[in-house]
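Below, each chain spelled out in residue letters.
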Amino acid sequence: MTDITAIYNGKKISQLPEDLFIPPEYLRIILEEFEGPLDLLLYLIKKQNIDITDLPIFPITEQYMSYISIMEEMHFELASDYLVMASTLTEIKSRLLLPADAEDEEEDDPRASLIKRLLEYQKYKNASEKLETLPRNYRDFYVVTNGVDSVKSKVIETPDFKIEQLKSAFIEVLKRAEIFSTHNIQSETLSVRERMSSILSGLKLNDNILFGELFNVKEGRLGVIVTFLAILELVKESLIDITQNESMSNIYIGLK
Amino acid sequence: MSYSLENIIECLLLVSDEPLTVNQILKILDDKKITKKKIELSISNLNERYIDRAIHIKQVASGYRFQAKTGLEAYISKLKDKGTNRFSKAFLETTAIIAYKQPVTRGDIEDIRGISINSNIIRTLLELEWIKVVGHRETPGKPELFATTSKFLDYFDKNTLSDLPEISDVDSL
Amino acid sequence: MSYSLENIIECLLLVSDEPLTVNQILKILDDKKITKKKIELSISNLNERYIDRAIHIKQVASGYRFQAKTGLEAYISKLKDKGTNRFSKAFLETTAIIAYKQPVTRGDIEDIRGISINSNIIRTLLELEWIKVVGHRETPGKPELFATTSKFLDYFDKNTLSDLPEISDVDSL
């Protein structure tokens with residue numbers, strides 16, 4: 001992690017506050033940026049401007065532990081992998097404290113395997129950063145797929161699936177969406193979404209519709225609310241315009 | 001390198017997933033010197049290029065689009081056979097997103113799925129009349145907004161969208 | 001009306017959703033007189049046709065496809081309401097490990113990253129067809145071995161794995 005940039009309440013945070021007196025909300029954002037204990041360690045090492053192969057286990061362990069304890073205090077959902085690393089660090093530390101055994105002092109640096117893992121992880125982290133910058137289809141270059149319409153397929157077979165499959169497909173898709181960084185999923189009640197569609201379809205046929213005509217009294221209070229919410233949502237998504245020439249005159253709804 | 005107007009239009013028509021109108025092309029090019037007439041002329045010049053070729057530009061209801069000429073159906077159907085994705089997961093998920101999040105654009109669906117979708121899926125849904133275009137979003141490209149139709153509900157034997165299985169725990173996801 | 005081999009190939013490549021290999025084209029044409037050589041020659045002749053044009057045929061891992069040349073991005077991006085496909089760091093790191101260290105098991109990936117991975121990442125990679133199972137390691141549990149596919153390379157406009165950016169061992173930070 002070269003630069004952590006989080007934006008919180010409009011303020012840019014690019015560095016961890018030195019004293020670790022981090023407001024919990026900041027910390028959460030920062031911690032979410034780490035891809036695991038190795039990533040956190042790399043960050044701590046980098047922050048000290050030291051060579052990874054010199055891994056100064058004492059200060060690093062201390063800092064690592066303070067992060068962990070803050071995370072725990074905050075009841076942050078701490079992956080157990082972070083705790084495993086904590087015990088690894090402690091173990092290395094205690095082995096370093098033991099009087100060095102003259103014989104195997106040279107070949108058996110207790111830090112060796114951790115350093116190896118850090119280097120290995122760093123290698124793939126670099127690789128992933130390179131992947132990120134590669135040109136991508138639809139973003140940096142454009143492929144002609146289906147550029148040409150072919151003659152309409154003879155018969156369209158109707159897909160065969162059950163309504164419940166639709167529901168589980170949607171749930172699964174939402175779950176998966178979590179791993180991508182773009183989220184804009186909220187649930188609205190379906191009746192509102194449906195009404196949005198029907199208002200839009202109506203507006204495609206008529207340029208303008210009188211505000212009042214959108215409401216059907218027979219649907220009762222709930223129906224009116226649904227329609228009203230749908231109108232608000234359409235305005236929010238800038239799909240429709242609401243116009244009124246002078247006060248108390250008719251209100252018209254039209255497509256943007 | 002700069003391309004001739006004809007070559008630019010050719011590229012746009014091929015890269016686009018949807019037919020393009022002269023007005024849409026005008027807007028994309030955003031150049032005062034280019035008129036509607038010029039674009040229409042370019043398209044007809046382009047078509048001369050394609051006299052002996054197996055494809056040409058056709059004007060359909062929603063604009064201009066490249067189409068295969070007749071004669072290659074046998075080959076094309078072999079090509080398309082492998083792409084039958086009506087029963088695929090992608091098809092099911094696309095349908096589900098349109099049903100539960102309508103009205104949505106293709107880009108919305110791609111954002112949610114995290115994957116670009118095959119144009120065939122949208123086209124099949126439109127051909128099945130399970131979805132229709134209910135408008136365009138006021139963002140660059142004016143993408144089409146899709147919503148499900150009553151035919152879609154009929155297929156599942158439902159009256160309204162609110163009869164679809166409820167997704168109550170979405171908020172907690 | 002019959003078309004020249006070049007015009008037929010042009011049409012097939014443009015109609016297809018996926019890149020086409022010479023073998024696939026051979027199979028579609030199903031004509032003893034047409035050889036691989038002839039098809040390759042036709043494709044290179046075709047590309048000469050496109051020298052001044054804004055599109056051309058490119059070879060990527062899974063075959064030949066038409067692509068816009070550089071220079072028109074400003075226009076095309078207006079055309080496409082694009083799903084931007086932004087990937088999380090975890091997703092990219094997992095992908096990088098599979099790409100550069102393949103074949104690997106899920107356990108290998110977790111060892112390198114030092115943290116367990118969300119199953120959704122593997123599932124998405126499989127669904128995108130960026131990775132596939134190429135075998136099982138002969139260890140307890142016989143874990144699946146993953147490798148990248150040609151579709152993964154297509155997405156990044158590459159022909160072979162060796163076209164990916166080189167990575168070297170890191171000696172220090």
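Scroll up to find the structure this text is about.
As a starting point, this report considers the structure included with it. (Residues numbered from 1 in each chain as written. Chains lettered and ligands numbered in written order. Predicted model: local features only at pLDDT ≥ 70, side-chain atom pairs only at ≥ 80, totals over all residues. Heavy atoms only, no water.)

**A look at the overall build of chain B**
Formally: Strands here mean DSSP runs of E at least two residues long; helices mean DSSP runs of H or I at least four residues long; both are numbered from the N terminus. Only protein chains enter the accessibility calculation, which uses a 1.4 Å probe; a residue is then buried when its area is under 20% of its type maximum, exposed when over 50%, and partly exposed in between. Residue contacts are defined here by distance: any two heavy atoms, one from each residue, within 4.5 Å place the two residues in contact.
When its secondary structure is counted, chain B shows 8 helices and 4 strands. Helices and strands appear in chain B in the N-to-C order α-α-α-β-β-α-α-α-α-β-β-α. Counting every position in chain B, which comprises 173 residues, the buried fraction comes to 56%. Sequence separation of 24 or more characterises 46% of the internal contacts of chain B that already satisfy a separation of 6 or more.

**Remarks on the overall build of chain A**
Our working definition: Note on areas: these come from Shrake-Rupley sampling with a 1.4 Å probe, and a residue is covered only by the protein chains present in the view.
Along its length, chain A carries 8 helices and 6 strands. Walking chain A from its N terminus toward its C terminus, one meets helices and strands in the order β-β-α-α-α-α-α-β-α-α-β-α-β-β. When each of the 256 residues of chain A is scored for burial, the buried share is 42%. Within chain A, residue pairs in contact and separated by at least 24 positions form 55% of the contacts whose partners lie at least 6 positions apart. Of the roughly 14400 Å² that chain A leaves accessible, carbon and sulfur atoms contribute 51%.

**Topic: the pattern of salt bridges**
When their charged atoms lie close together, side chains carrying opposite charge are able to pair. To keep things clear, this is the line we draw: Think of a salt bridge as a Lys or Arg side-chain nitrogen and an Asp or Glu carboxyl oxygen that are within 4 Å of each other.
Per the stated rule, a full pass over the model turns up 25 salt bridges over all chains. Measuring nitrogen to oxygen at the nearest pair gives 3.8 Å for the salt bridge that ties lysine 125 of chain A to glutamate 129 of chain A. With a gap of 4 residues between them, lysine 125 of chain A and glutamate 129 of chain A both fall in helix H5 (residues 112-133), about one helical turn apart. The exposure class assigned to lysine 125 of chain A is buried, which follows from its relative accessible area of 3%. Notably, a salt bridge pairs lysine 151 of chain C with glutamate 18 of chain C, separated by 3.8 Å at the nearest N-O pair. On the criterion of sequence distance, the pair formed by lysine 151 of chain C in helix H8 (residues 150-155) and glutamate 18 of chain C in the loop between helix H1 (5-15) and helix H2 (22-29) is long-range, its members being 133 residues apart. Because the salt bridges share partners, they merge into one network encompassing Arg193 and Glu237 of chain A together with Asp108 and Arg137 of chain B.

**Comments concerning the pairing of strand S5 (residues 240-244) of chain A**
All names here are of chain A. We apply this condition: In this scheme, strands are said to pair when DSSP sees at least two bridges between them.
When S5 meets strand S6 (residues 251-255), the two strands line up antiparallel, connected through 5 bridges. Within S6, the residue paired with glutamine 244 across the bridge is isoleucine 251. Counted between consecutive antiparallel strands, the loop separating S5 from S6 contains 6 residues, among which methionine 248 sits at a positive phi close to 70°.

**Description of the interface of chain C and chain B**
The condition that has to hold: By convention, the term buried area covers the 1.4 Å-probe accessible surface removed from two parts as they join, with the contributions of both added. For the purposes of these results, a polar contact is taken to be a pair of N or O atoms within 3.5 Å, where, inside protein, one atom must be able to donate a hydrogen and its partner to accept one; residues adjacent in sequence count only when each atom of the pair is a side-chain atom. Charged residues are taken to be Asp, Glu, Lys and Arg, nonpolar residues to be Ala, Val, Leu, Ile, Met, Phe, Trp, Tyr, Cys and Pro, and polar residues to be all remaining types, Gly included.
Each partner contributes to the interface: chain C provides 43 residues, whereas chain B provides 49 residues. Contact between chain C and chain B buries roughly 3900 Å² in total, counting both sides, with carbon and sulfur atoms accounting for 61%. Counting across the chain C and chain B interface gives 3 salt bridges. Two residues, glutamate 127 of chain C and arginine 113 of chain B, come together in a salt bridge whose shortest N-O distance is 2.6 Å. Here chain C is connected to chain B by 11 residue pairs in polar contact (both at pLDDT 80 or more). Every element with two or more residues in the side of chain C that touches chain B is listed here: H1, H2, helix H4 (73-79) and helix H7 (119-127) of chain C. If one sorts the elements of the side of chain C that touches chain B by residue count, H1 of chain C sits on top with 7 residues. Partitioned by chemical class, the residues of the side of chain C that touches chain B number 21 nonpolar, 7 polar and 15 charged.

**Quick look at the sheet that holds S5 of chain A**
Residue and element names in this part refer to chain A. For clarity, the threshold we go by: Interaxial angle, 0 to 180 degrees, is taken between N-to-C directions of lines fitted to C-alpha atoms, where a helix line uses only the stretch in contact.
The 3 strands are arranged S4-S6-S5 in an open sheet whose pairing can be described as antiparallel. With partners counted over all chains shown, the strands left at the sheet margins are strand S4 (208-210) and S5, one partner each. Put simply, the sheet's adjacent strands are angled 30° from each other on average, direction ignored. Examined bridge by bridge, S4 and S6 share 3 bridges and lie antiparallel to one another.

**Describing the interface of chain B and chain A**
Taken together, the contacts link 64 residues of chain B with 51 residues of chain A. Roughly 5400 Å² of surface becomes buried between chain B and chain A when both sides are summed, with 63% attributable to carbon and sulfur atoms. We note a salt bridge from glutamate 237 of chain A to arginine 137 of chain B, for which the minimum N-O separation is 3.9 Å. Along the contact surface separating chain B from chain A lie 6 residue pairs in polar contact (both at pLDDT 80 or more). When residues in the side of chain B that touches chain A are grouped by element, the largest group, 10 residues, is from helix H5 (residues 89-101) of chain B. Judged from the 2 bridges that link them, strand S3 (residues 148-149) of chain A and strand S2 (residues 63-68) of chain B form a sheet pairing that is parallel. By the bridge assignment for S2 of chain B, aspartate 149 of chain A is matched with glutamine 67 of chain B.

**A word on helix H2 (residues 22-29) of chain B**
Applicable threshold: For this quantity, the arc is that covered by the directions from the helix axis to the C-beta atoms.
Buried residues of H2 of chain B: Val22, Ile25, Ile28 and Leu29 of chain B, and no others. The buried residues of H2 of chain B occupy an angular sector of 125° when projected down its axis, which confines them to one face.

**Some details on the packing of aromatic side chains**
For any pair of aromatic rings, the description rests on two quantities: the centre-to-centre distance and the angle between the ring planes. All names here are of chain C. Basically, it comes down to this: Paired rings are identified among Phe, Tyr and Trp, the last through its six-membered ring, by centres lying within 6.5 Å, and are further divided according to the angle between planes into stacked (under 30 degrees), edge-to-face (over 60) and tilted (the rest).
Tallied over the entire structure, the rule returns 19 aromatic pairs over all chains. Judged by centre distance (5.4 Å) and plane angle (70°), the ring pair of phenylalanine 152 and phenylalanine 156 falls under edge-to-face. An identical accessibility class is assigned to phenylalanine 152 and phenylalanine 156; each is buried. Members of the aromatic cluster, connected to one another through ring pairs, are Phe87, Phe91, Trp130, Phe152, Tyr155 and Phe156.

**Observations concerning the sheet that holds S2 of chain B**
Spatially, 3 strands are ordered S3(A)-S2(B)-S1(B) in an open sheet, and the strand pairing comes out mixed. Two strands bound the open sheet, and with one partner strand each, they are S3 of chain A together with strand S1 (55-60) of chain B. The pairing of S1 of chain B with S2 of chain B spans 6 bridges and is classified as antiparallel. Bridging from a neighbouring strand, lysine 58 of chain B pairs with arginine 65 of chain B of S2 of chain B. Running at roughly 75° to S2 of chain B, helix H1 (residues 5-15) of chain B makes contact with S3 of chain A together with S1 and S2 of chain B of the sheet.

**Things to note about the packing of helix H5 (residues 89-101) of chain C against H7 of chain C**
Residue and element names in this part refer to chain C. Here is the rule: Small angles under 35 degrees read as roughly parallel and large ones over 145 as roughly antiparallel, with 65 to 115 read as roughly perpendicular and the rest as oblique. Note on convention: the crossing is left-handed when the near helix lies turned anticlockwise from the far helix by less than a right angle, right-handed when the turn is clockwise.
It is the contact of H5 with H7, at a shortest axis distance of 10 Å, that shows an interaxial angle of 60°. Taken together, the axes of H5 and H7 lie oblique to each other. Between H5 and H7 the crossing geometry is right-handed. Here H5 contributes Ala90, Phe91, Thr94, Thr95 and Ile98 to the contact with H7, which in turn contributes Ile121, Ile122, Thr124 and Leu125.

**A few points about unusual backbone geometry**
For the peptide bond that leads from glutamine 102 of chain B to proline 103 of chain B, omega is -5°, which places it in the cis range. With respect to the helices, strands and loops of the structure, proline 103 of chain B is situated in the loop between H5 and helix H6 (106-113). Despite not being glycine, glutamate 129 of chain B shows a phi value in the positive range, around 60°. Turning to its location among the elements, glutamate 129 of chain B is positioned in the loop between helix H7 (119-127) and strand S3 (131-136). Judged by its relative accessible area of 44%, glutamate 129 of chain B is partly exposed. You will see that aspartate 30 of chain C, though not glycine, has its phi angle at about 50°, which is positive. Here aspartate 30 of chain C falls in the exposed class, since its relative accessible area comes to 60%.

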